[in-house]
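Structural overview
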Amino acid sequence: MTDAAPRIVVLVSGRGSNLGALLDAGLPVVHVVSNRPQAGGLALAARHAVTSTVVDHAAFPSREAFDSALAAAIDAHAPTLVVLAGFMRVLGDPFVQRYAGRLVNIHPSLLPAFTGLHTHRRALDAGVRLHGCTVHFVTPTLDHGPVIAQAVVPVLPDDTEDTLAARVLEQEHRLYPAAVRWCLEGRVRVDGLRVHVRGAEFPAFGRCVPSPA
Ligand code: GRF
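Read on for a plain summary of the structure. (Residues numbered from 1 in each chain as written. Predicted model: local features only at pLDDT ≥ 70, side-chain atom pairs only at ≥ 80, totals over all residues. Heavy atoms only, no water.)

With respect to the environment of glutamate 161
Tracing the chain through its elements places glutamate 161 in helix 6 (residues 161-184). Counting along the chain gives 40 residues from glutamate 161 to arginine 121, while the straight-line C-alpha distance between them is 5.4 Å. The residues contacting glutamate 161, other than those within four sequence positions of it, are His120, Arg121 and Leu124. A distance of 3.5 Å separates a polar atom in the side chain of glutamate 161 from a polar atom in the side chain of arginine 121. (Helix = DSSP H or I, 4+ residues; strand = E, 2+ residues; numbered from the N terminus. Contact = heavy atoms within 4.5 Å. Polar contact = N/O pair within 3.5 Å; in protein donor to acceptor, adjacent residues only side chain to side chain.)

Given below as structure tokens:
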């Protein structure tokens, strides 16, 4: 990141609970963009006096046109970091490359397991004992960028998709603010697919939400 005061633009499509966690953590969210006019994240932004823009994908004839409008809405707020928080559109390569190294996402699985959608159902179907969430840099290959941090939860015998999702979401709300703060503080260095975080404590095992220290 640069020496200028950090500025985050958050992209949402839905309820925005991760946006809420970032705001509650006091992170410098300067603007929110949604591709869906009805996204709950827009109302949440307004409640926190954060401005927002809707770039409705349905109004654009192509992905390229949508991505260009999205980039314009983002760049108007000169962010140091662009944070995807439940943003449900696949982004084209030029868009991803434009924000290389400053575009992050949270995904509800322990990547590289369960890329894509319906991660909790697929984790249950696969019979895994451990599940969780991942914060990663976004690269052109969907859900495959360098991993900044992960949090692990157990899969319990009587879990349903909903109970497992809730357990993971609780960890998302802890993990994402910590990882975003590391990025803003310039503590994150990418080396191929490995990410080194200066000064962060990663417990050897257990509920592996890294300490925000
Ligand atoms: C989260 O589970 C996140 O990991 C995924 O989409 C969901 C968004 O939830 N990418 P919310 O809108 O932040 O509540």
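From this point, the narrative continues.
Quick word on the environment of phenylalanine 60
Assignment of secondary structure puts phenylalanine 60 in the loop between strand 3 (51-54) and helix 3 (63-75). By relative accessible area, phenylalanine 60 is classed as partly exposed at 27%. Ignoring sequence-local partners within four residues, the contact set of phenylalanine 60 consists of Val55, Ala65, Phe66 and Ala69. (Buried < 20%, exposed > 50% of the residue type's maximum accessible area, 1.4 Å probe, protein only.)

What about the sheet that holds strand 4 (residues 81-84)?
Here seven strands make up an open sheet; going across it, the order is 3-2-1-4-5-6-7 and the pairing mixed. Each edge of the sheet is formed by a strand with only one pairing partner; in this case those strands are strand 3 and strand 7 (147-154). The sheet shows a mean angle of 20 degrees between the axes of neighbouring strands, taken without regard to direction. Taken together, the four bridges between strand 1 (residues 8-12) and strand 4 define a ladder with parallel strand orientation. (Pairing = 2+ DSSP bridges. Axes fitted to C-alpha atoms, helices over the stretch in contact; angles between N-to-C directions.)

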